[in-house]
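Results of the structural survey
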Amino acid sequence: MASEYTADMIQVLTVREAVRKRPGMYIGPTDDDMAPLRLLLEVVANAIEQIQLGRCTRVDVRVEADDFVTVVDDGPGIPADLLVELLEHPPKPPTVGGQVHRGLDGNGLPVANALSDPFEVDTVHAGEQATMTYAGGLQRVPLHVSAASRPSGTRIRFRPDPQIFPRTRLPRVELTQRLEDLAYLLPAMALSWSFAGERATGLVERVRLEVREPLGDVAHHQGEYATDDGPAVVEVALAWRTEQCAQPAQILGFANLLRSEDGPHVIGLRVGVRNFLKLRPGRDLEGLVAAVAVLQPDARYRQTMIRLANTGMSSAVKEATTTALQRWAERFPEAADMLRRRVKAR
């Protein structure tokens, strides 16, 4: 007979423990590319609420090259005596002047704090400046209060915790789209965002943005290939994530500088990878992140894909892909063996 269920069996968790134990209940899946964006939006929503209440005129979002994000607003700031409560406990109305601090789904800063490492807060309210730093929801640097030398407002700098998020990089395109949507719903110039770091160029760096620590390294080849319509320049870059995962292949395709993720150039890359790994047709290329760009100078506007489809471009890209992977396997034989073992184990 089953033992009787008693109150002693109930485990009471703090907000931090509950969020870190099951983060998906608060911000959705943590193992997809959108998870860091959902975390950022929890922080941004807290500042945007100040705009909606007429207590803030501007919110600035800055994405650093090392996956850190800074959100700054010119609102009234957070009183020092409420800061710990706001960051470590669920929102309880009323807080500051009757305002309920919350995020997009009612989770807000306590959730973002619990899932970030670090989470730094610098806020000015009523002439007082209060600063704190957390790591995974635990205080790393205790509350410090001093006389303020700048106007009111709040600055939050954080990074998604790598222990929670397999990928901490914010998806640039999706972030821009989401913030653009918000910008249309807010007063003019109320929301701005920017990206720091030197601008990377080349397909290798484009792939490396998605796979920070590739298996071995990024495989790459660029060359000129003969086609029925004259020479074409083909460039491919391919990488596999170090950790084994069931993510479908992510392939970025470009034809004459236009984004085109369907077409013979993408087909040629897939065939080249399957031939290299000895995979049967139709088998998905799990964990692969790749980019392919083809340049055919005589292709005309709106004819790019039609011309590519009739010039043997698929064969040219397949050959370039094979060359890139063969050279990669020679440079990183252990990584190539590991990849083949993964494929056989599926």
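Throughout what follows, the structure given in this document is the object of discussion. Quick caveat: nothing in here was measured; it's all calculated off a predicted structure. (Residues numbered from 1 in each chain as written. Predicted model: local features only at pLDDT ≥ 70, side-chain atom pairs only at ≥ 80, totals over all residues. Heavy atoms only, no water.)

Some thoughts on the layout of surface pockets
The computed volume of the largest pocket comes to approximately 1,300 Å³. For the largest pocket, the lining is made up of 40 residues, of which R169, R172, R206, L209 and E210 are closest to its centre. Looking at the lining of the largest pocket, the elements that each hand over two or more residues are α6 (172–185), α7 (203–210) and β10 (250–255). Counting residues per element, the lining of the largest pocket draws most heavily on α7, at five residues. A class-by-class count of the residues in the lining of the largest pocket yields 17 nonpolar, six polar and 17 charged. (1 Å grid on protein atoms, 1.4 Å probe; cavity = no way out; pocket = protein on both sides within 12 Å on 5 of 7 lines; lining within 4 Å. Points joined across faces, edges and corners; volume = space filled by probe spheres on them. Helix = DSSP H or I, 4+ residues; strand = E, 2+ residues; numbered from the N terminus. Nonpolar A, V, L, I, M, F, W, Y, C, P; charged D, E, K, R; others polar.)

Looking at the pairing of β10
Sheet analysis places β10 next to strand β12 (residues 288–295), joined by six bridges and oriented parallel. Bridge assignment links A255 to a residue of β12, and that residue is V294. Across two bridges, β10 lies against strand β11 (residues 258–259) in antiparallel orientation. Paired with F254 across the bridge in β11 is R259. (Pairing = 2+ DSSP bridges.)

Section: the side chain of T321
Of note, T321 is situated in helix α10 (residues 313–331). Accessibility expressed as a relative area gives 0% for T321, which makes it buried. Setting aside chain neighbours within four positions, we find T321 in contact with V236, L238, G268, L269, G272 and V273. (Buried < 20%, exposed > 50% of the residue type's maximum accessible area, 1.4 Å probe, protein only. Contact = heavy atoms within 4.5 Å.)

Observations regarding the pairing of strand β8 (residues 219–227)
Going residue by residue along β8, you find A219, H221, G223, Y225 and T227 tucked away on one face and H220, Q222, E224 and A226 left uncovered on the opposite face. Relative to strand β9 (residues 230–240), β8 is paired through nine bridges, and the arrangement is antiparallel. By the bridge assignment for β9, G223 is matched with V234.

Description of the sheet that holds strand β2 (residues 69–73)
An order of β5-β4-β3-β6-β2-β1-β7 is seen for the seven strands of this open sheet, with the pairing classed as mixed. Lying at the two open borders of the sheet, with one neighbouring strand each, are β5 (138–147) and β7 (191–195). On average, adjacent strands in this sheet sit at an angle of 10° to one another, irrespective of strand direction. Bridge analysis of strand β1 (residues 59–63) against β7 gives five bridges, and the strand direction is parallel. (Axes fitted to C-alpha atoms, helices over the stretch in contact; angles between N-to-C directions.)

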